[in-house]
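Each chain is listed here by its residues.
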Amino acid sequence: GLWGMMMYGAAAAGFSAWRAIERARAEAAASAQAQALLARAELAALRQRLNPHFLFNTLHSILALVRRDAQAAEEALLAFSDLLRRVLDHERDDAEDMAPLADELAFTREYLALEALRLGPRLNVRWDVDDGLLSARLPVLSVQPLAENSIKHAFSPRRAPGTLTIAVRPAGDGGVRVEVADDGPGCAPEAVTGGRGLGLDAVSRRLAMACGPRSALAVDTAPGRGFRVAFELPPPAARAA
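Computed from a predicted structure; not experimentally measured. (Residues numbered from 1 in each chain as written. Predicted model: local features only at pLDDT ≥ 70, side-chain atom pairs only at ≥ 80, totals over all residues. Heavy atoms only, no water.)

1. Description of the overall build of the chain
A count of helical and extended segments in the chain gives seven helices and seven strands. Across the chain, helices and strands are ordered from the amino to the carboxyl terminus as α-α-α-β-α-β-β-α-β-β-α-β-β-α. With 241 residues in all, the chain has 37% of them scored as buried. Taking contacts inside the chain between residues at least 6 apart in sequence as the whole, the part at least 24 apart equals 74%. When the accessible surface of the chain is summed, it comes to about 13000 Å², and 59% of that surface belongs to carbon and sulfur atoms. (Helix = DSSP H or I, 4+ residues; strand = E, 2+ residues; numbered from the N terminus. Buried < 20%, exposed > 50% of the residue type's maximum accessible area, 1.4 Å probe, protein only. Contact = heavy atoms within 4.5 Å. Areas by Shrake-Rupley, 256 points an atom, 1.4 Å probe, with all protein chains shown as cover.)

If you want it as structure tokens, here you go:
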């Protein structure tokens, strides 16, 4: 009768609602998995970017150093091996895409020390780091690509000396602000999107995925005004929540 039809209708509606919820959950899970796979692919690509020109230039710089300062060349080779070991360690530990900021800065220091072999007095690095913030966690290879971007566009093309500044300071709400800036030629803001290679785009997406939208890269540049890239990490409690 009417009561049976009503019960059937309610059951059918409930089943349809349950199917819709399950479908939405499956779609959300698939989307999250796709985003995670994208982050993994971009991380692998970032690691591979360290290889060709940087490795080639570094080995040539060390070879030149051997001829004039064997002790310095030996120290450079040790630093080079440390840097490569960090990359290989991350390759073996694919389950962990996050690292303390202290590790990221140490890796970046090693990278810049090796670039200094090639660039010499043209490269001046200024560190402005609050040591109390070094336990903050962020995706691996989030800082070195920003420094590499400056090396490529601000230091390699010119002969005049310049300064690369890497700063880590508190953000207003207890978070952490990381900034990489150079005093190079800069560029028009509209040239930034898609114009600076894989590095910046990949880092921005990975930061936003791991730490929230506020962690996406903010770029400040103009012709003759250098290039500044910054991002913020949320407070540790917010990150763990």
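2. Quick look at helix α4 (residues 101-119)
Look at α4: 26 Å from first C-alpha to last across 19 residues, which is about the 27 Å you get at 1.5 Å a residue. In the stretch just after α4, G120 is the one whose phi turns positive, near 60 degrees. (Expected span 1.5 Å × (residues − 1).)

3. Let's talk about the packing of aromatic side chains
Evaluation of the coordinates by the stated rule reveals zero aromatic pairs. Stacked on the ring of W127, the Lys or Arg R109 has its end atom at 3.9 Å from the ring centre. Sitting over the face of the ring of F155, R158 holds its NZ or CZ atom 5.5 Å from the ring centroid. (Phe/Tyr/Trp six-rings, centres within 6.5 Å; stacked < 30°, edge-to-face > 60°. Lys NZ or Arg CZ within 6 Å of the ring centre and 35° of its normal.)

4. Considerations on the packing of α4 against helix α5 (residues 144-155)
Any two packed helices are characterised by the angle at which their axes cross and by the distance between the axes. Put simply, α4 and α5 touch, their axes get as near as 9 Å, and they point 20 degrees apart. Relative to α5, α4 is oriented roughly parallel. Crossing of α4 over α5 shows right-handed handedness. In this structure, α4 uses F107, T108, Y111, L112, E115, R118 and L119 to contact α5, whose residues at the interface are Q144, A147, E148, I151 and F155. Its residues assigned to classes, the contact of α4 with α5 shows seven nonpolar, two polar and three charged. (Axes fitted to C-alpha atoms, helices over the stretch in contact; angles between N-to-C directions. Parallel < 35°, antiparallel > 145°, perpendicular 65-115°, else oblique. Left-handed = near helix turned anticlockwise from the far one by under 90°. Nonpolar A, V, L, I, M, F, W, Y, C, P; charged D, E, K, R; others polar.)

5. Some points on the side chain of S204
When you line up the elements, S204 lands in helix α6 (residues 198-211). Look at S204 and you get buried, because its relative accessible area is 17%. Residues within four places of S204 in sequence aside, it is in contact with A216 and L217.

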